[in-house]
Amino acid sequence: QVQLVESGGGLVQPGGSLRLSCAASGSVSSIYAMGWYRQAPGKQRGLVASITTGGNTNYADSVKGRFTISRDNAKNAVYLQMNSLKPEDTAVYYCNAEIRTISNGIRRTRNYWGQGTQVTVSS
């Protein structure tokens, strides 16, 4: 019951920057964390960065120091600022939202995904 809409992908030269945006709608009050994953051709989808409602962040080692994830809880949005981009950053980037709810004493977790946005780093 959460919809994610992504934007901001595109073509950029090595060393350039892009900012990805993801807006969530639906049952946004139950969102515990949001994040970004990416998948390059022939490779598995992997975590790029995540952030909880409280502001705790986690980054893949390959992007730490170059990428910054942020979240606007009032707007139910998450952003990924990507600097010093490298060709190996080329991938489809997917927005993710983790929902946590408690019903009848049972904790439940659900994950929702955006449609993906292409990021291409090439000269």
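As the structure is a computational prediction, the values presented were derived from the model and not from experiment.

Engineer: Sorry, what's going on with the overall build of the protein here?
Structural biologist: If you tally the helices and strands in the protein, you get zero helices and eleven strands. Listed by position from the N terminus, the elements making up the protein come as β-β-β-β-β-β-β-β-β-β-β. For a compact globule of 123 residues, the expected C-alpha radius of gyration is about 14 Å, and the protein comes in at 15 Å, within 12% of that figure. Taking the principal axes of the C-alpha coordinates as reference, the protein spans close to 55 × 30 × 25 Å. Evaluated residue by residue, the protein yields a buried proportion of 39% over its 123 residues. Counting contacts in the protein only where the partners sit at least 6 residues apart, residues at least 24 apart contribute 54% of the total. Looking at the protein as shown, the accessible area adds up to about 6700 Å², and 45% of this sits on carbon and sulfur atoms. Side chains of the protein carry 13 positive and 6 negative charges; the gap between the two charge centres is 5 Å.

Engineer: Just to check I follow, could you spell out the pairing of strand E9 (residues 91-103) for this structure?
Structural biologist: Two faces, one strand: in a regular strand the side chains alternate between the faces of the sheet. Where strand E4 (residues 31-39) lies against E9, eight bridges are found, and the strand directions are antiparallel. What sits directly across from Met34, in E9, is Ala97. In the sheet, E9 pairs with strand E11 (residues 117-121) via three bridges, with the strands oriented antiparallel. If you follow Tyr93 over to E11, its bridge partner there is Thr117. Here eight bridges tie E9 to strand E10 (residues 106-113), and the two strands are oriented antiparallel to one another. Among the inter-strand pairings, Ser103 is bridged to a residue of E10, identified as Ile106. In textbook terms, the turn of a hairpin is the stretch between consecutive antiparallel strands, and for E9 and E10 this stretch comprises two residues, one of which, Asn104, has a positive phi near 55°.

Engineer: How do you make sense of the state of the cysteines when you look at a structure like this?
Structural biologist: Think of a disulfide as a covalent bridge from one cysteine sulfur atom to another cysteine sulfur atom. Counting across every chain of the model gives one disulfide. Across a sulfur-sulfur distance of 2.1 Å, Cys22 and Cys95 are joined as a disulfide pair. An S-S torsion of about -85° defines the bridge between Cys22 and Cys95 as left-handed. Taken together, the positions of Cys22 in strand E3 (residues 18-26) and Cys95 in strand E9 put the pair 73 residues apart, joining distant regions of the chain.

Engineer: Even after reading the chapter, I still don't get the pattern of salt bridges, so can you show me in this structure?
Structural biologist: Where charged atoms of side chains with opposite charge meet at close range, the side chains can pair. On inspection of all chains with the given rule, the structure shows three salt bridges. Arg66 is the salt-bridge partner of Asp89, the closest N and O atoms lying 2.8 Å from each other. Of the two residues, Asp89 is situated in the loop between strand E8 (77-82) and E9 and Arg66 in the loop between strand E6 (57-59) and strand E7 (67-72); the sequence distance between them amounts to 23 residues. Take Asp89 and Arg66: they sit in the same class, and that class is buried. Linking Glu98 and Arg100 is a salt bridge whose minimum nitrogen-to-oxygen distance equals 2.7 Å. Taking relative accessible area as the criterion, Glu98 reaches 18% and is therefore assigned buried. The structure contains a network of salt bridges with shared partners spanning Arg38, Arg66 and Asp89.

Here is what the cut-offs are and how they apply
Position labels on residues start from 1 in each chain and follow its written sequence. Since the coordinates come from a predicted model, pLDDT governs what is reported: local features require at least 70, and pairs of side-chain atoms require 80 or more to be given and counted, while whole-chain, interface and lining totals use all residues. As a rule here, side-chain values cover all heavy atoms of the structure and leave hydrogens and water aside. Only DSSP runs of H or I with at least four residues qualify as helices, and only runs of E with at least two residues qualify as strands; both kinds are numbered from the N terminus onward. We compute the radius of gyration from the C-alpha atoms alone; for a globule the expected value is 2.2 Å times N to the 0.38, where N is the number of residues. Relative accessibility thresholds used throughout: buried, under 20% of the residue-type maximum; exposed, over 50%; partly exposed, between the two (1.4 Å probe, protein chains only). In what follows, a contact means two residues having at least one pair of non-hydrogen atoms within 4.5 Å. Every accessible area reported is derived by Shrake-Rupley at a probe size of 1.4 Å, with residue values counting cover from the shown protein chains alone. We score Asp and Glu as negative and Lys and Arg as positive, and we do not count His or the chain ends. Every charge is mapped onto a representative atom, which is NZ of Lys, CZ of Arg, CG of Asp or CD of Glu. For two strands to be treated as a pair, DSSP must find no fewer than two bridges joining them. Cysteine sulfur atoms that pair up within 2.5 Å are treated as a disulfide. When a carboxyl oxygen of Asp or Glu is within 4 Å of a side-chain nitrogen of Lys or Arg, the pair counts as a salt bridge.

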